[in-house]
Amino acid sequence: MSSATDRLSTATGRIDQSLQPLADVYNRLFGDYFGEMNGLQFVLIFGTAAALLTAPFWGNFGLVRAMTVAAIWAIFAMSWDIQSGYTGYISFGHSVLSGAAGYTTAMLIHNVNPELSMMITIPVSILAALVVGLLVALPSLRLTGPYFSLITFVSVLIFYRLIPSFSQYTGGETGIQSVEVFTYDPFARYYYMIIPMFLIAIVLTLIARSNIGLILMSIRENEAAVNAAGINATKFKIFSFALSSIPMGIGGVLLVHFGGGVDPTTFIVVDRSIEMIAIAVLGGMSSILGPLGGAFFLVVLRDYVLTEIAGFPSPIRWTVFWGLVLVVLVFVRDGLFRKLWHGLDRFGGDRR
Amino acid sequence: MTDPILEVEDLNVYYGKSHALKGVSLSIDEGEIYGVIGPNGAGKTTMLNAIAGFVDYEGAIRYDGTDLATVNPQQIVRDGLIYCTEDRDLFPFFSVHENLLMGAQFRDDRGAVQDDLDMVYELFPRLDERREQEAETMSGGEQQMLAVGRALMSDPDVLMLDEPTLGLAPVIIQDISDALERLSDQGLTILLAEQNSTFALRHAERLSLIETGEIELAGTSEEFHGNEYVREAYVGVH
Amino acid sequence: MGGVGGGGGDGTFKIGHLGPTELQMGRGAERSAELAVSELNDNGGILDRDVELLSRDTGGAPSEGERVTEDLVQSEQVDLLVGTFVSEVTQGIIDFVAEMDVPFVITGSADPATITDNHGEDYETYKNIVRTGPINSDLQAEGMGGYASYLNEQHGFENFSILADDAAWTGSFRDILPDEIESNDDLSVVHQDRMSVETSNFNPFLDAADEADADVVMRFIAHGGAAAFTSTWAQNEYPFALEGISVPGMSPEFWGATEGACLYETTSQSGAGGVAELTDRTKPFVDAYEEEFGGGDPPSKPMYMGFNSYDGILFYAQAAEDAGTADYESDLDGIVESMLDLEFTGAAGEISLYGEDADYPNDVRETRNDDDIISNFPVTQWQEDGDGGVVECVYPEPDATSEHVVPEWI
Amino acid sequence: MSLLEVDGLTKKFGGLVAVDDFSFEADEGEIVGLIGPNGSGKSTVFNCIMGRYDVTEGSIRFDGSDITDDATHEVVNKGLSRVSQESNPIQEMPVAGNIKLFTLPNKLTSFYGGATDEEIYEYAARIDIEDKLHEMPDELPHADVRRLEIAKSLATEPELMLLDEPFAGMNQAEITELADQIEQFRDEGMTMIVVDHNMGGLMELVDRIVVLNNGDFLAEGTPEEIAENEHVQEAYLAGEGL
Amino acid sequence: MISAVYALIAIGFTMIFGVGGVLNLAHGALIMLGAFTYLAFTSTAGALSLPPIVGFLLAVVVTAAASYALYAGLVKYIEDNIVITFLATVVVALLLTELIIIQFGSAPSQLIPVVSGTIYLEAVGTRLRYVQLLAFGVSWVAIGALWYYVTKTDEGRSILATSMSTRGAELTGVNLQKVKSRTWLIAGAFAGIAGVFIGTLQSTSPEMWLSPLALAFIIVVIGGIGSIKGSVIAAYLIGYLETASVEILGPSFQGVLSLVVLVAILLMRPNGLFGRELVHE
Ligand SMILES: Nc1ncnc2c1ncn2[C@@H]1O[C@H](COP(=O)(O)OP(=O)(O)OP(=O)(O)O)[C@@H](O)[C@H]1O
Ligand SMILES: Nc1ncnc2c1ncn2[C@@H]1O[C@H](COP(=O)(O)OP(=O)(O)OP(=O)(O)O)[C@@H](O)[C@H]1O
Ligand SMILES: [Mg+2]
Ligand SMILES: [Mg+2]
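Residues numbered from 1 in each chain as written. Chains lettered and ligands numbered in written order. Predicted model: local features only at pLDDT ≥ 70, side-chain atom pairs only at ≥ 80, totals over all residues. Heavy atoms only, no water.

Taking an unreviewed UniProt entry as the reference, chain B is identified by name as ABC transporter ATP-binding protein belonging to Natrinema longum. UniProt's Sequence similarities (unreviewed entry) comment on chain B is quoted here verbatim: "Belongs to the ABC transporter superfamily." (UniProt positions renumbered as here; feature names shortened; annotations may be inferred.)

A. Highlighting the coordination of the magnesium ion (ligand 3). Ligation of the magnesium ion (ligand 3) by protein atoms is provided by Thr45 of chain B (OG1) and Glu86 of chain B (OE), these donors lying 1.8 to 2.5 Å from the ion. Of this pair, threonine 45 of chain B sits in helix α1 (residues 44–52) while glutamate 86 of chain B sits in the loop between β6 (81–84) and α3 (96–103), and the two are 41 residues apart along the sequence. (Donors = N, O, S within 2.8 Å, 3.2 Å for Na, K, Ca; no water. Helix = DSSP H or I, 4+ residues; strand = E, 2+ residues; numbered from the N terminus.)

B. Focus on the packing of helix α15 (residues 289–309) of chain A against helix α2 (residues 62–75) of chain C. Contact geometry of α15 of chain A with α2 of chain C gives a least axis separation of 13 Å together with a crossing angle of 55°. What the angle tells us is that α15 of chain A and α2 of chain C run oblique. In this structure, α15 of chain A crosses over α2 of chain C, and the sense of that crossing is right-handed. On α2 of chain C, the residues that touch Asp303, Thr307 and Glu308 of chain A of α15 of chain A are Glu64, Arg67 and Asp71 of chain C. Among the residues making up the contact of α15 of chain A with α2 of chain C, the classes are represented as no nonpolar, one polar and five charged. (Axes fitted to C-alpha atoms, helices over the stretch in contact; angles between N-to-C directions. Parallel < 35°, antiparallel > 145°, perpendicular 65-115°, else oblique. Left-handed = near helix turned anticlockwise from the far one by under 90°. Contact = heavy atoms within 4.5 Å. Nonpolar A, V, L, I, M, F, W, Y, C, P; charged D, E, K, R; others polar.)

C. Spotlight on the interface of chain A and chain E. Each partner contributes to the interface: chain A provides 34 residues, whereas chain E provides 41 residues. At the junction of chain A with chain E, the criterion picks out one salt bridge. Measuring nitrogen to oxygen at the nearest pair gives 3.2 Å for the salt bridge that ties arginine 333 of chain A to aspartate 80 of chain E. Taken together, chain A and chain E are joined by four residue pairs in polar contact (both at pLDDT 80 or more). Counting residues per element, the ones that place at least two in the side of chain A that touches chain E are α7 (145–165), α14 (270–283) and α16 (314–331) of chain A. Within the side of chain A that touches chain E, the residues separate by chemical class into 27 nonpolar, four polar and three charged. (Salt bridge = Lys/Arg side-chain N within 4 Å of Asp/Glu carboxyl O. Polar contact = N/O pair within 3.5 Å; in protein donor to acceptor, adjacent residues only side chain to side chain.)

D. Here's a closer look at a negative patch on the surface. All names here are of chain D. On the surface, Asp7, Asp20, Asp21, Glu25, Asp27, Glu28, Glu57, Asp63, Glu159 and Asp216 cluster together to form a negatively charged patch. Looking at the negative patch element by element, the count peaks at three residues for strand β2 (residues 16–26). With respect to the helices, strands and loops of the structure, aspartate 63 is situated in the loop between β4 (57–62) and β5 (65–66). On the basis of relative accessible area, aspartate 63 is assigned to the partly exposed category, the value being 43%. (Patch = residues over 30% accessible without salt bridge, like charges linked within 9 Å, V, L, I, M, F, W, Y side chains within 5 Å. Areas by Shrake-Rupley, 256 points an atom, 1.4 Å probe, with all protein chains shown as cover. Lys, Arg positive; Asp, Glu negative; His and termini not counted. Charge placed at Lys NZ, Arg CZ, Asp CG, Glu CD. Buried < 20%, exposed > 50% of the residue type's maximum accessible area, 1.4 Å probe, protein only.)

E. Region of the structure containing the site of ligand 1. If you check the shell around ligand 1, you find 18 residues, and the closest are Asn40, Thr45, Thr46, Glu86 and Gln195 of chain B. More than a single chain frames ligand 1: its nearby residues are located in chains B and D. Threonine 45 of chain B is positioned such that a nitrogen or oxygen atom in its side chain is 2.4 Å from an oxygen atom of ligand 1. Look at ligand 1: alone it shows 630 Å² of surface, and the protein chains cover 78% of it. Broken down by element, the residue count for the shell around ligand 1 peaks at three residues, all from α1 of chain B. The class makeup of the residues in the shell around ligand 1 is six nonpolar, seven polar and five charged. (Near = heavy atom within 4 Å.)

See below:
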């Protein structure tokens, strides 16, 4: 057993050696900001990035559509991660943030002026996500542990129940469907989603690898120690929520222009929040790129592999899907992509 | 002399790669106070944890003739081998009184439990004053008293105390000293792990000195008192 | 990507059917669509092309609905879309479908806004979308008003209570129905309330209706709580009749699901649950359905959307034949024109569409009897049948299979 | 003016008066011992100073400014820090990371500030754990965990350090070593207040001792005076001490 | 009335959380399982058609067993990681939902009441079904018995003790495995009872797990995690607020007012009404 892995790692080690020079160039330039990697890891990251960027040229319609949706969910999961994954304050309420952005766009168009340009609606919507984020964060962050999770959960319920109460503005449970889509062309549409996703991934990774990330993680492990270090933990908790709200807002805007409208089930219901958590945890919490990978894994599995490839009817499809998720959760608890990453670390040769 | 009540034979404990206990053996007779001293990280706690069944080990530990490897922790407790840990492990939201009751939760002899309760309250009047206070809000020393008190509530045959004087004021240490002597006279066997070597040397009839996982020295308290090295490193010259 | 759309003269004619096939309503519709397709194929297909049915589960959720619709249109390049039960789903896909020009026959959701907000605003864009049934809920509300007068004639009921789900589809019943009822001077609406879709305890609502002396409670309910509503009413023997629309109550299996508590309750449903001979087509269709699916998973009858999906497909097939083309990319206008011109007899009734300048362009017309009362809006009631229960059509009178019965405890 | 002035401090927990109108001060460069029986309120006093507990009554001034109602991080940023009775390192980070956290500025925009590796090494070296920088806290023996706590505290560059039972769980040799290091800090200009029950270690280290009993001030004086004080003997020392 | 059933659900949920630190989101699924087991045993259309009371007992037993199986077969291996456990239990709930759809279909059903009949309460102007009274009675008896058990008996106190310190429990001779198994059995039995009543008074469908679960979650946090007394009071508070908000603001605001009040309560008492103070001020 171990000799087999040994042999494998000599082989992979050699591959790794040959890639190392490339990785080294990267490490010299960016290692300080994003962390260093070995040759195999370099290939994983940049290979995947290249594959993602060229998907429309090799994927078919169903796959590309699934990946388009995955890109949006990757944004949500990464945003959730920078807040919940890093600080350990697990939010069940992130769908409210994307919902705030989506609803702002739709309500501006529906109630204010149907001709409003995206140049106005998009920034206003992102701002709305930020405002709602602060609105949720300021009181909630006084609470800890499950109490915090609950209050964020309740915030979803409140928003969800308010929507029918103000149905003349919100469109009630049917929502508002009069939003312009970016485009119906499935290929162009993909790039509308994937490019913001990449930018957000880069920015969030930068932040997560900086002191800010260190402080957020320390809050998760020991908040008292953070205060004792002379750092205002509360300020950073709120900051992480705000930091998370902005990309959530961007994701919400993308989603509303993807489907051409809002409705509570697509945007608000707590299932959406739970999906974000599942994606992030499955990919690997507190790693930013893990959740990104998790999104592509889960959404492609759900919307493409199990439907178009396997062609399961719906209850079977969901049974298989949840069964797989359960298996991954139990056996790969640190997340698929963290596992993969460390695997490459092991199989790579010695560095330097 | 009777058979030893607690025997440790060639005990080895590993934490991952680090070898925390390296072939430790000792045997404790019924009714005696046995001291284990040694510097920080020597492995005292590790040894007690192994006896209580909290860490995996190699070697043999026998209590009253039976090999503990096959006995689960709660059965060890029911058989009268009680462990008062360094971390205290109190029930933070139970009151002082409830904590003490939990110490006796497996006992059926109601009357005797009441007597023990009275005994503990008498030993630590502070606990008596604070019967209803939640354990978590007690001061460090008060919690230590409660931990010792709870262990006594289990009506031990053998009591393992890990640093019972930690964080206690000299007056209280004095009280505990008296209590240990009294209980020992009543036939209780005590295994005492201490940094406070003065305290250990005062009470233990026999001791072992553990350093980096190995027994460096074993003997009676007289032998320890007479030992130059022990005096210098552990008792301090005042 | 580009070259979307079939509609060329050759190859199979693909029909995409959309519905929540996890639900009985959706499954009934899917099966009915299958029956329509095999009937078409038996008769030489559409414009001599073989017909193929691609059924997709929308899960009742807009995002899933959008996904499967895009797949049907972009990837499968279907020639026709049929279905959608949940209004959210219909609205979620409607802009996309309008953009793609593929003909879309709505057969489930009855929301008038689907038509008024779209066709009403911009007919040109939405003209490829039609609804062949059910009649929209504005018209249904008017029909209900007629039914209220009928109940008054039959049993002397005067006081009505309206309890509606707090949901968009009940809007017409909340806004139009009270006036419709009270337009008959003998009748009054004595109590009216909305019930949140999360309501699970119906006692307070029924108590209030009771207190207001209602003779009839008209409830409009579409979610799972309907069963609880029914049994709360039946077990407590509230002294009023239970009428209106209950979507779960349309299930042929509702008797078993409520352990018989649904006895005496009624619901309106197009197709009349398949128990009445509405047209010549009704019986053959229902028989075919029962023969094919009667013994399997529920529903054992097509349910209303089944009728409409069956009719919708055949309706379009006829229109395409009339137009001589199904190539919507080059001749959408021709197809639409021939749909608007078509007078078609379906299993659920006569189908013809309103024209561009009507209030409800491209929407199915109601039929009216001599008294100008809407008649393609049958009401069915659960009645006793030995130990079990049976669905009977009780209204309108010409189609009725049995008299309307009042609960024995009143 | 003293560096730290605690004036009429009272802390109640419900009906329980843990600290009762207690006043004391520490001058710059001093090492003050704070002793008293278990539960006499020593840790509570520290908690009040550090802003961990709200003060019921009284005031606390540090370096001339009122810090009674300050939050912990504000107090720390003014130049106070504490080594608490229980160690609580972050288990997921190595020693170096634990120290680094304590050097980070309290700013949302400082992405790459904080101490350099050399500076971290320096902090660790002052308390002799520079060889352990890459170990994880749960691999360290108890005494080194305590040292890590002190290193963290040093990393905030305090003017005044509160030490709660630094000698607990250490043997004589270790106590002597630690006491020497604490002396060293004083020579570098730091003021300290030390709570401990280990009279041997404490008496040699401190300039002055304040005794608390039941939340009340009991006595104050040089170690010798205290050791001979009858009240202190009775309430606390029971013949121990010198 | 039904608040008692809610309290029962919340207590089952909070016990599991208290003892194992496990947010068991499959608790709602167990309730559903209870209802469907009862349906399978008693439904007149089914093969068995057992008398309701027998079906009731069987449903409770089956649910308790399922709850135990969930612990022993899954949760035991992952309970040290709270996020994983929380997600895994949601996934279990979703899986069970699909299995129930495959087996029973997705249409809602109505259970045969354990007892039938109804009385009219003139004074309050409402009708009350005997099964409502029964639900109320059974729930209270169960809660009372549990309360006595955990506060007045050593064995029961061990359950609370284990929730505070596992090591402490071991040191005092508590059999951890037994305590946890027992906790899951009790919580499961409670879910079974609640399932039959919820299924009877409301409806039995593959979606029925979510709202009792959300409710339990809210009740538990308002009452304070780990507190039986808190759960009962919070359950009644919620029940009252739900009704009151309908009356004050109208049905379209149902639930919103109560949620807002709850948020306010939490902000004033960050550990719920009877929660343990985790941070001292
Ligand atoms: N869980 C653990 N994982 C890894 N190493 C450990 C663990 N627990 C203890 N050790 C190591 O094992 C050695 C023995 O520790 P132990 O706690 O038994 O010492 P001790 O003699 O009780 O010391 P002290 O007087 O400080 O309590 C130490 O080096 C310690 O760092
Ligand atoms: N949160 C609290 N709630 C109630 N009582 C408390 C709380 N915290 C401390 N106390 C009580 O206040 C008193 C003072 O506690 P404190 O921890 O300050 O004592 P101490 O002098 O540090 O004792 P030790 O030397 O044992 O650590 C104790 O009697 C303790 O029980
Ligand atoms: Mg130890
Ligand atoms: Mg203290």
